[in-house]
Amino acid sequence: MDLLLRIAMVVVPSYLIGAIPSSFVVGKLVRGIDLREHGSGNLGAANTFRVLGPGAAVPVLAFDIIKGFIAVRYFSTFGGPGIWYGMLAVLVVVIGHNYSVFIGFSGGKGVGTTAGAFLALAPWAVAFCIGVWIVVLLLSRIVSIASMIASALLPFAVLFENRYLDREGHVAVQLLAVAVTLLILFTHRGNIRRLARGEEKRIF
């Protein structure tokens, strides 16, 4: 029972903060619209940029990153010490972002929230992936390509960081990175189909 209570103390706040739909809220506040009905139909920073511009997209992205970081750095401690509660918080906060109870279990694709969550576990790996994301975006001008490539490199970046910094539970964190990467690729399945047809839109 004590273990279940500890798990619940991590899962509940991590899910709820992850489920806060920042782009949905900003869309309603700025223009009174549901972003799921505009642009790509996705609730994320990229579609916010496409529909509402950078002034709205930057706060959305920042909030998505911050909520992932808070869940792992702070809410995971509600369960107790150790890496395992942090890993649980990663999974739950990303799931909360992708499947928010506040908007009918819809949501974004989890890229920004994943970055924030892993920032608390493997900051150098995240910094590397952000650098890759920026370079690929500038070259391709397609957010989905940049996001998928950066996500695919996350497990390797985590492995590199953990091997040289000897972090606790590095094998488990690497496996977690693989799992989250697969989830991100799954949420991009529509983008993959559009890329195959040559129909994916450029961000600018």
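Note: the structure precedes this text.
Every value quoted in this text rests on a predicted model; they were computed, and no experiment measured them. (Residues numbered from 1 in each chain as written. Predicted model: local features only at pLDDT ≥ 70, side-chain atom pairs only at ≥ 80, totals over all residues. Heavy atoms only, no water.)

### So, helix α2 (residues 22-31)
Among all positions in α2, only Ser22, Ser23, Phe24, Val26 and Gly27 are buried. On its buried side, α2 packs onto α3 (45-52) and α4 (54-73). With its phi angle positive at about 70°, Gly32 sits one or two positions after the end of α2. (Buried < 20%, exposed > 50% of the residue type's maximum accessible area, 1.4 Å probe, protein only. Helix = DSSP H or I, 4+ residues; strand = E, 2+ residues; numbered from the N terminus. Contact = heavy atoms within 4.5 Å.)

### With respect to the pattern of salt bridges
Evaluated as defined, the whole model comprises five salt bridges. Between Arg6 and Asp2 there is a salt bridge, with its nearest N and O atoms 3.1 Å apart. Taken together, the residues span about one helical turn, with Arg6 and Asp2 both in helix α1 (residues 2-18) at a distance of four residues. Overall, Arg6 belongs to the partly exposed group, its relative accessible area being 33%. When the shortest N-O distance is used, the salt bridge between Asp64 and Lys67 registers 3.5 Å. A residue pair is termed a helical-turn pair when its members lie 3 or 4 positions apart in one helix, as Asp64 and Lys67 do in helix α4 at three residues. (Salt bridge = Lys/Arg side-chain N within 4 Å of Asp/Glu carboxyl O.)

### Some details on the environment of Val12
In this fold, Val12 is placed in helix α1. Since its relative accessible area comes to 46%, Val12 is described here as partly exposed. In sequence terms Val12 and Arg141 are 129 residues apart; their C-alpha atoms lie 37 Å from each other.

### Digging into the packing of aromatic side chains
Counted under the stated rule, the structure contains two aromatic pairs. Here Phe69 and Tyr74 contribute two aromatic rings whose centre-to-centre distance is 6.5 Å and whose plane-to-plane angle is 75°, an arrangement assigned as edge-to-face. Residue classification places Tyr74 among the partly exposed residues on the basis of a relative accessible area of 46%. Arg189 extends its terminal NZ or CZ atom over the ring of Phe186, reaching a point 4.0 Å from the ring centre. (Phe/Tyr/Trp six-rings, centres within 6.5 Å; stacked < 30°, edge-to-face > 60°. Lys NZ or Arg CZ within 6 Å of the ring centre and 35° of its normal.)

### Here's the deal with the side chain of Ser22
Take Ser22: it is sitting in helix α2. Residue contacts for Ser22: discarding those within four places in its chain leaves Val60, Phe63 and Asp64.

### Quick look at the side chain of Ser144
Within the secondary structure, Ser144 sits in helix α8 (residues 143-165). Residues within four places of Ser144 in sequence aside, it is in contact with His188, Asn191, Leu195 and Glu200.

The values reported here are purely geometric and, on their own, carry no functional implication.
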